[in-house]
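Residue-level listing of the chains:
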Amino acid sequence: MIEFRDHTVYRGPNIWARMPSLRFTVDIGELEERPTNKIPGFYERITELIPSLYEHRCSVGKPGGFLQRMREGTWMGHVLEHVALELQNLTGAEVSRGKTRSTKEKGVYNVVFEYQQEDVGIAAAELSRRLLNHLIYDLEPGFDFQQELEQTVIRIAERLAYGPSTGAIVSEAERRNIPVIRLDPRRSLVQLGHGVHQKRIWATVTSETSNIAVDTASNKELTNRLLHEVGIPVPRGVTVRNVDDAVREARRIRYPVVIKPLDGNHGRGVCINLKDDDEVREFFPVALGESRNGIVVVERYIEGLDYRILVVNNQVVAVAERVPAHVVGDGEHTVEELIEITNSDPRRGVGHEKILTRISIDSQTLETLERLEIALTDIPELGQVVPLKRTGNMSTGGTSIDRTDDIHPDNEAIARRAAMVVGLDIAGIEAIVPDISKSIRQSGGAIVEVNAGPGFRMHTNPTEGHPRHVGRAVVDMLFPPGSNARVPIVAVTGTNGKTTTARMISHIMKTAGRRVGMTTTDGIYIDGTQIMSGDMSGPTSAKMVLKNPTINYAVLETARGGILRSGLGFDRCDVAVVTNVSDDHLGQHGIDSLADLSRVKAVVPQSVFRDGKSVLNADNEWTVDMSRYARGEILYFSMDENNPVIREHLRNKGRAVILRPVAAGEMITIIENRRETSLLLASQIPATFDGRLRVNIANALAAVTAALADDVQLEYIRQAMRTFTSSFYQTPGRFNLLEFQGRRIIMDYCHNIAGLESMADFVKRMEPNRSIAVISMPGDRLDDHIAAFGKLSGETFDELVIREDTNTRGRPSGEIASRLKEAAVAVGLSEGSVSIVLEEIDAVKTAIERSDRDDLVVLMVDKPAQTWTELNNLTGAFTWG
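Each value, and the rule that gives it
Along each chain, residues carry numbers from 1 onward, in the same order as the chain's sequence is written. A pLDDT threshold of at least 70 governs which residues receive local features in this predicted model, and a stricter bar of 80 or more applies before side-chain atom pairs are shown or counted, although totals over entire chains, interfaces and linings include all residues. The side-chain figures draw on all heavy atoms in the structure; neither hydrogens nor water molecules are used. Starting at the N terminus, helices and strands are each numbered in turn, a helix being any DSSP run of H or I of at least four residues and a strand any DSSP run of E of at least two. Expected span of a helix: the number of residues minus one, times 1.5 Å. Each residue's exposure class comes from its accessible area (1.4 Å probe, protein chains only) as a fraction of the maximum for that residue type: buried when under 20%, exposed when over 50%, partly exposed otherwise. Whether two strands pair depends on DSSP finding at least two bridges between them. Orientation is described by lines fitted to C-alpha atoms, with helices fitted over the stretch in contact, and by angles between N-to-C directions that extend from 0 to 180 degrees. Every residue pair with non-hydrogen atoms within 4.5 Å of one another is taken to be in contact. By salt bridge we mean one thing: a side-chain nitrogen of Lys or Arg within 4 Å of a carboxyl oxygen of Asp or Glu. Buried residues of nine kinds, namely Ala, Val, Leu, Ile, Met, Phe, Trp, Tyr and Cys, make up a nonpolar core once their side-chain atoms join them within 4.5 Å. Each Phe, Tyr or Trp ring, with Trp reduced to its six-membered ring, pairs with another whose centre is within 6.5 Å; inter-plane angles below 30 degrees give stacked pairs, above 60 give edge-to-face pairs, and intermediate values give tilted ones. Whether a charge sits over a ring comes down to the Lys NZ or Arg CZ being within 6 Å of the ring centre and within 35 degrees of the ring normal. Excluding any residue in a salt bridge, patches collect residues exceeding 30% relative accessible area, merging like charges within 9 Å and nonpolar Val, Leu, Ile, Met, Phe, Trp and Tyr side chains within 5 Å. Per-residue accessibility takes into account occlusion by the displayed protein chains alone, with areas from the Shrake-Rupley method and a 1.4 Å probe. The score called pLDDT rates the predictor's confidence residue by residue, from a low of 0 to a high of 100. As used in this structure description, the phrase polar contact means that two N or O atoms lie within 3.5 Å; if the pair is within protein, one of them must be able to donate a hydrogen and the other to accept it, and residues adjacent in sequence are counted only when both atoms belong to side chains.

Things to note about helix H3 (residues 76-89)
Given a rise of 1.5 Å per residue, 14 residues ought to cover 20 Å, and the 20 Å separating the end C-alpha atoms of H3 matches this to within 8%. Among the 14 residues that make up H3, 13 are buried, leaving the element largely enclosed by the rest of the structure.

Set out below in structure tokens:
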């Protein structure tokens, strides 16, 4: 039987695909021994149920390719991938990409496929699993695939899909590579663009839409008065609050009249062509019932056809003739049956979910039929048109005919002027005229309403005529040619140094005048202010920064865990920085080797724009290997000017940043087009501790190269590096050096072997009298790595205080500490020199109590902020080294 073990939602580029995708771990059990060609009748039954699978090309590369693979024999994981894709397509989505890969465990596969709506993709996978189990094992007697498809996958898709209006704008934005972030998955509130460049839409109301204009448009009496005062023809009308006043004003205006709520919309409560007092009294409650403020408009009825003129940014972009909901008699069926037949059209749905709305039998329908002296049970003659609604609104089941090419220039000018008078950026102008192709000045007619947030369905999907791509006009207005929709994004990944490198880049950009949004393992920072604390190096945090309307630059630390759990929080970046790849987190999430880990990190440089930049560490073989896949221009940095990768790169006229020995020390040197520029000495960067902290020199090289990639002026880079310290306030938990009563105390988040090697080098260069360290290691590390960490700690420090990591990752309390102690003692450290104090703060206190003047105390902690507070409480005032 086919079972799901787990699934992962990737909302951005990931190790499997460039687009949002789902990964299911699928156990097919004994079907590992039974490919599709060994299961009697399977091929015939599944192709009968889902004939559209023929369109799947698969690896064959042509229609019918996947069916060929099934006939030849393929595994059920592969079949599930294609069925899940096709079920989404049957809802109207357009998805086609997927892949299925076996795992180390027999019969277990990773099935990955594209999705457009997350919940729809998950529902499609579950229904695919049930369908395959039904076809193979008949587990669910009476299983009705078509009914299940409609009641689960399709229903979810209809509930979550963008409406036609929002969809028209979003699809155009996506076509132009403008970022799209859905701010509310249940509604049509959408952000287009990032940071300071973002715009928002809610259906067809935009962030540029004036609130005054919306209020004006909702007041029909005020709108008519404003239009009349600038010479635009409007029906004569007044407002009333009771039926007697309505009758009196209708007599004064002269019949026939229209009554409608002052603040109504979608045609609700509009009663047209009322010919006498009795009809006004009959329908007045209908209009009053739809009025929120209890005010009704009585106006002169205008004879003619109903047109909607769409004006965007003061330009007419589409015109539609609106036809009220109706049925056409066939001489056989009743009116009610004809409505049911009409509603069976697959283009019709509930509300605005589809291009046409189902016709409901409501009080307005019954009143319209009553006025025509027609009953629901009557059988209209062949060809007889039976109106069902008073107005031509699409929301009540109306249809539309495109008339964009027919509008007379006078009518176009009047519509534009009406939108400008009300002040709407997107306006639906309702005109009643005999013929839109003739001037309203000669043929008669009037502008009867100006609507804010007009629907686009009648224009994008007219019942007759050419569809109009009105979303283009909206996007043109929000993002005129030459304007930006994106903020520059620098994404930083690697095993060690990510946070410090991200902070250095952010500091450079802030020095250069940018308002930077930054994510790190310490938190989220906006223009230097921390707004959230904790590990914020995943995709959700990245999106939080890109949603912030104040930032014009983003520096995003992008960690392995986030990529594996959810992918990236952005589609593309301008600059990718890979600091290094070394042993860490192996044995987790299917990442068992450095090659696997490198493949995860490589997602970041693979996501660079074609004209972007990838910054790689020439001293690390795994990052050098990424140059085969990285996009954009490759820039290298290196601690060794004689590195053969650097030499070859420079021979090819590439750009690089290197560390070069000079008489005064070591010079950070920029080389581009074979021209060399000395930037500053490594020892001039405070965070390198006079050049002794080699890892921060490497981090500085990475940051300088990223700034070079973004064409930042050298003086800004130089000034930023000279002012970048290793203070707790600038880089909390990253080589913070303090002095207390002759002791030097280092606080750092060191958690893997490569990090400890850098620390060991630094301790040696500091030449302490004696060194004491608080150490630990996360519980999810391999036993061999824990032993190696303990061994190197024993070789580096004179005393060890071993604490327990915040998260033991399922190991028994004390196990990691015992393993570390055993490894340290094995390399010669005495039992008395190794203490186990599991609580972090207690371990810190113990290490300081055991230290003397001229000792170096190294605190490798998980909670730097808490440790910092405790150190202040314990020792009083510190001075920075």
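On we go from here.
Quick notes on the sheet that holds strand E2 (residues 21-27)
Read across the open sheet, the 4 strands follow the order E1-E2-E4-E3; overall the sheet is antiparallel. A strand with exactly one partner marks an edge of an open sheet, and here the two such strands are strand E1 (3-10) and strand E3 (98-102). Pairs of neighbouring strands in the sheet enclose a mean axial angle of 15°, with direction left out of account. As judged from the 7 bridges shared by E1 and E2, these two strands associate in the antiparallel manner. Opposite tyrosine 10, over in E2, you have serine 21 as the bridge partner. Contacting E1, E3 and strand E4 (108-114), H3 runs over the sheet at an angle of about 20° to E4.

Notes on the pattern of salt bridges
In total, this model carries 61 salt bridges according to the counting rule given. With a closest N to O distance of 2.7 Å, glutamate 172 and arginine 175 form a salt bridge. In this pair, glutamate 172 and arginine 175 are both assigned in helix H6 (residues 164-175), 3 residues apart and thus about one turn of the helix distant. With a closest N to O distance of 2.9 Å, glutamate 715 and arginine 718 form a salt bridge. Of this pair, glutamate 715 and arginine 718 both sit in helix H25 (residues 714-722), 3 residues apart, roughly one helical turn. The class of glutamate 715 is partly exposed, set by a relative accessible area of 45%. Each of Glu172, Arg175, Arg176, Arg472 and Asp476 takes part in a single network of salt bridges with overlapping partners.

Description of the nonpolar core
Formed by 44 residues in total, the largest nonpolar core has its most connected members in Phe42, Ile46, Met76 and Val79. Of all the elements in the fold, those that place two or more residues in this core are E2, helix H1 (42-49), helix H2 (65-72), H3, E4, helix H4 (118-137) and helix H5 (145-160). Looking at this core element by element, the count peaks at 9 residues for H4. Not counting the four nearest positions on each side in its chain, isoleucine 46 is found in contact with Leu53, Met70, Val79, Val83, Leu132 and Leu135. Ranked by size, the runner-up nonpolar core spans 43 residues in total, among them Val112, Cys573, Ile634 and Ile658.

A closer look at unusual backbone geometry
Residues apart from glycine generally show negative phi values, whereas peptide bonds are mostly found in trans. In this model, tyrosine 255 is joined to proline 256 through a cis peptide bond whose omega is 0°. Mapped onto the secondary structure, proline 256 falls in the loop between helix H9 (243-253) and strand E10 (257-261). Phi is positive for asparagine 313, which is not a glycine, with a value near 55°. Structurally, asparagine 313 can be placed in the loop between strand E13 (305-312) and strand E14 (315-323).

Side note on the packing of aromatic side chains
Across all of its chains, the model carries 7 aromatic pairs by this definition. Here phenylalanine 689 and phenylalanine 762 contribute two aromatic rings whose centre-to-centre distance is 5.4 Å and whose plane-to-plane angle is 45°, an arrangement assigned as tilted. Taken together, the residues span a long stretch of sequence, with phenylalanine 689 in the loop between strand E32 (675-681) and helix H24 (694-709) and phenylalanine 762 in helix H26 (residues 753-766) at a distance of 73 residues. With a relative accessible area of 8%, phenylalanine 689 lands in the buried category. Ring geometry for tyrosine 729 and tryptophan 868: centres 5.9 Å apart, planes at 80°, overall edge-to-face. Residue tyrosine 729 is found in the loop between H25 and strand E33 (736-740), and its partner tryptophan 868 is found in helix H30 (residues 864-875); the two are separated by 139 residues along the sequence. Accessibility expressed as a relative area gives 63% for tyrosine 729, which makes it exposed. With a relative accessible area of 11%, tryptophan 868 lands in the buried category. Within the aromatic cluster, the residues linked to one another by ring pairs are Phe4, Phe24 and Phe113. One Lys or Arg, arginine 129, reaches over the ring of phenylalanine 4 and ends 5.9 Å from the middle of that ring. Positioned over the ring face of tyrosine 162 is arginine 182, at 4.2 Å from the centre of the ring.

Structural notes on the side chain of glutamate 249
In this structure, glutamate 249 sits in helix H9. According to the relative accessible area criterion, glutamate 249 is buried, its value standing at 15%. Beyond its immediate chain neighbours, meaning those up to four positions away, glutamate 249 contacts Val238 and Val240.

Brief notes about helix H28 (residues 815-826)
Its 12 residues place the ends of H28 17 Å apart at the C-alpha level, agreeing with the 16 Å of an ideal helix rising 1.5 Å per residue. Those residues of H28 that are buried are in contact with strand E35 (770-775), helix H27 (783-796), strand E36 (799-802) and strand E37 (834-836). In the stretch just after H28, glycine 828 is the one whose phi turns positive, near 115°.

Some thoughts on the pairing of E35
For E35, the tally of buried residues reaches 5 of 6 residues, placing the bulk of the element in the interior. Two strands pair when backbone bridges link them, and E35 and strand E38 (residues 855-860) are joined in this way by 5 bridges, in the parallel orientation. Looking at E38, one finds that valine 774 is bridged to leucine 859. Taken together, the 4 bridges between E35 and E36 define a ladder with parallel strand orientation. The residue bridging isoleucine 772 from the neighbouring strand is glutamate 799, located in E36.

Quick word on a nonpolar patch on the surface
A cluster of nonpolar residues, Ile531, Met532 and Met544, forms a patch on the protein surface that exposes about 230 Å² of accessible area. Its location among the elements puts methionine 544 in helix H18 (residues 539-547). By relative accessible area, which is 33% here, methionine 544 ends up partly exposed.

Quick look at the confidence of the model for the protein chain
On average, residues of the protein chain carry a pLDDT of 91, and 98% of them reach 70 or more. Of the regions scoring below 50 in pLDDT, residues 877-881 engages in 18 contacts with residues more than four places distant in sequence or in other chains.

So, the sheet that holds strand E11 (residues 271-274)
Think of a sheet as strands paired side by side through backbone hydrogen bonds, with each pair either parallel or antiparallel. Here we have 4 strands laid out as an open sheet, ordered E9-E12-E10-E11, and antiparallel in their pairing. Each edge of the open sheet carries a strand with a single partner, namely strand E9 (237-240) and E11. Each strand axis lies, on average, 20° off the axis of its neighbour in the sheet, ignoring direction. Contacts from helix H8 (residues 220-228) reach E9, E10 and strand E12 (296-300), with the element oriented near 40° to E12. In the packing of helix H10 (residues 277-289) onto the sheet, contacts are made with E9, E10, E11 and E12, and the angle to E10 comes to roughly 25°.

Topic: the environment of arginine 57
Among the structural elements, arginine 57 can be located in the loop between H1 and H2. With 12 residues separating them in the primary sequence, arginine 57 and arginine 69 have C-alpha atoms 9.7 Å apart. The residues contacting arginine 57, other than those within four sequence positions of it, are Lys62, Pro63, Gly65 and Phe66. Within the structure, arginine 57 has its side chain in polar contact with the backbone oxygen of glycine 61 (distance 3.1 Å).

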